[in-house]
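# Topology and contacts: notes
Each chain is listed here by its residues.
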Amino acid sequence: MGANMGKNSSLLDALPSAQGTLHVVMLGLDSAGKTTALYRLKFDQYLNTVPTIGFNCEKVKGALGRAKGVNFLVWDVGGQEKLRPLWKSYTRCTDGIVFVLDSVDSERMEEAKMELARTARSPDNAGVPILVLANKQDLPGAREPRELEKLLGLSEMSSHCWHVQPACAITGDGLHEGLEQLYEMILRRRKLAKQSKAKKR
Ligand code: G3D
Ligand code: MG
């Protein structure tokens, strides 16, 4: 029995739920597809609605790779211009940022670039991994991740880990892949933080 107990407790330790919930905030211009992505992600999951004023917040479980079973609390903050100053309060102490982008909207690419740069520059977000969700890949004229990297000037964003994930929030394609990539970046960041702490000792 003792051996079994030992087995069970190590199994429990290995369960992702023991790692706690990760906080993720979704940002991006209005109409990029944030709310669609959030509800699509949640759709196959246990539904847990929270009354929302100006933002939505849902618990989402990772489905792929090491993110499988990991709980994410995902905040979807209004993207309208008048709401953008609020982003700062949601991104404080967040584990990861999902920047949702309309991959077709050439007219507002520069505006999206500016908002992304502003988010990355904010001292509250220092070092927080950023997943750029290149949404609306189902539409003709959707730009590819490589092109978006250039248009958004991501290579200049050296102070953050980032990844561009093509997606379609309507079908859900790419959403869990994106969450997995974000989780991998969060783990990498934690590992680095641990290593630099150990070095200082
Ligand atoms: P937001 O929360 O970022 O403001 P929404 O954006 O989720 O409200 O989406 C804005 C519009 O884009 C919605 O259309 C939604 O259906 C559409 N949309 C979101 N994701 C995709 C996608 O991957 N592909 C396509 N083709 N459309 C998408 P409406 O017509 O309701 O305004
Ligand atoms: Mg919305």
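Structure: see above.
If you're wondering where the values come from, they're calculated on a predicted model, not measured in any experiment.

Attention now moves to the overall build of the chain. Counting secondary structure elements, the chain contains six helices and six strands. Beginning at the N terminus, the succession of helices and strands in the chain can be written as α-β-α-β-β-α-β-α-β-α-β-α. Counting only residues that meet the buried cut, the chain has 41% of its 201 residues in that class. Excluding contacts between residues fewer than 6 apart, the proportion of contacts in the chain whose partners are at least 24 apart in sequence is 71%. Element-wise, carbon and sulfur atoms account for 55% of the exposed surface of the chain, whose accessible area totals about 11400 Å².

This brings us to helix H2 (residues 34-43). Three or four residues apart is the spacing at which side chains of an α-helix point the same way, because the helix has 3.6 residues per turn. Among the residues of H2, those classed as buried are Lys34, Ala37, Leu38, Leu41 and Lys42. The arc that holds the buried residues of H2, viewed along the axis, is 125°, so those residues lie on one side. Considering only its buried residues, H2 is in contact with strand E1 (22-27), strand E2 (55-61), strand E3 (71-77), strand E4 (96-102), strand E5 (130-135) and helix H6 (175-200).

Right, let's talk about the site of ligand 1 for a bit. In the vicinity of ligand 1 there are 15 residues, among which Ser31, Lys34, Thr35, Thr36 and Asp138 approach most closely. Thr35 places a polar side-chain atom, nitrogen or oxygen, 2.8 Å from an oxygen atom of ligand 1. Expressed as a share of its isolated accessible area of 650 Å², the protein-covered part of ligand 1 is 63%. In terms of residue count, H2 provides more of the shell around ligand 1 than any other element does, three residues in total.

We now examine the pairing of E3. Counting buried residues in E3 gives six out of seven residues, a clear majority hidden from the surface. Direction of pairing for E1 relative to E3: parallel, over a ladder of five bridges. Each bridged residue has a counterpart across the sheet, and for Leu22 the counterpart in E3 is Phe72.

Here we take up unusual backbone geometry. Positive phi values are uncommon outside glycine, yet Ser31 reaches one of about 75°. Relative to the helices and strands, Ser31 resides in the loop between E1 and H2. Its identity is not glycine, yet Lys136 carries a phi of approximately 65°, on the positive side. Tracing the backbone shows Lys136 in the loop between E5 and helix H5 (145-151).

An order of E2-E3-E1-E4-E5-E6 is seen for the six strands of this open sheet, with the pairing classed as mixed. Since the sheet does not close on itself, it has two edges, and those belong to E2 and strand E6 (162-166), each with one partner. This sheet shows a mean twist of 25° between the axes of neighbouring strands, independent of strand direction. Sheet analysis places E4 next to E5, joined by six bridges and oriented parallel. Counterpart to Leu101 in the pairing with E5 is Ala134.

All chains considered together, the criterion is met by one aromatic pair. Here the aromatic rings of Phe72 and Tyr183 are separated by 6.1 Å at their centres, their planes lie at 85°, and the arrangement is edge-to-face. Taken together, the residues span a long stretch of sequence, with Phe72 in strand E3 and Tyr183 in helix H6 at a distance of 111 residues. Taking the relative accessible area as the measure of exposure, Phe72 reaches 0% and is therefore buried.

So, about the nonpolar core. Counting 24 residues, the largest nonpolar core has Met26, Phe72, Val74, Val98, Leu133 and Leu182 as the members making the most contacts within it. Secondary-structure elements contributing two or more residues to this core are E1, H2, E3, E4, E5 and H6. Counting residues per element, this core draws most heavily on H6, at six residues. What Val74 contacts, discounting residues up to four positions off in sequence, is Val24, Met26, Leu38, Asn56, Cys57, Glu58 and Val60.

Calculation rules
Residues numbered from 1 in each chain as written. Chains lettered and ligands numbered in written order. Predicted model: local features only at pLDDT ≥ 70, side-chain atom pairs only at ≥ 80, totals over all residues. Heavy atoms only, no water. Helix = DSSP H or I, 4+ residues; strand = E, 2+ residues; numbered from the N terminus. Buried < 20%, exposed > 50% of the residue type's maximum accessible area, 1.4 Å probe, protein only. Contact = heavy atoms within 4.5 Å. Areas by Shrake-Rupley, 256 points an atom, 1.4 Å probe, with all protein chains shown as cover. Arc of directions from axis to C-beta. Near = heavy atom within 4 Å. Polar contact = N/O pair within 3.5 Å; in protein donor to acceptor, adjacent residues only side chain to side chain. Pairing = 2+ DSSP bridges. Axes fitted to C-alpha atoms, helices over the stretch in contact; angles between N-to-C directions. Phe/Tyr/Trp six-rings, centres within 6.5 Å; stacked < 30°, edge-to-face > 60°. Core = buried A, V, L, I, M, F, W, Y, C linked by side-chain atoms within 4.5 Å.

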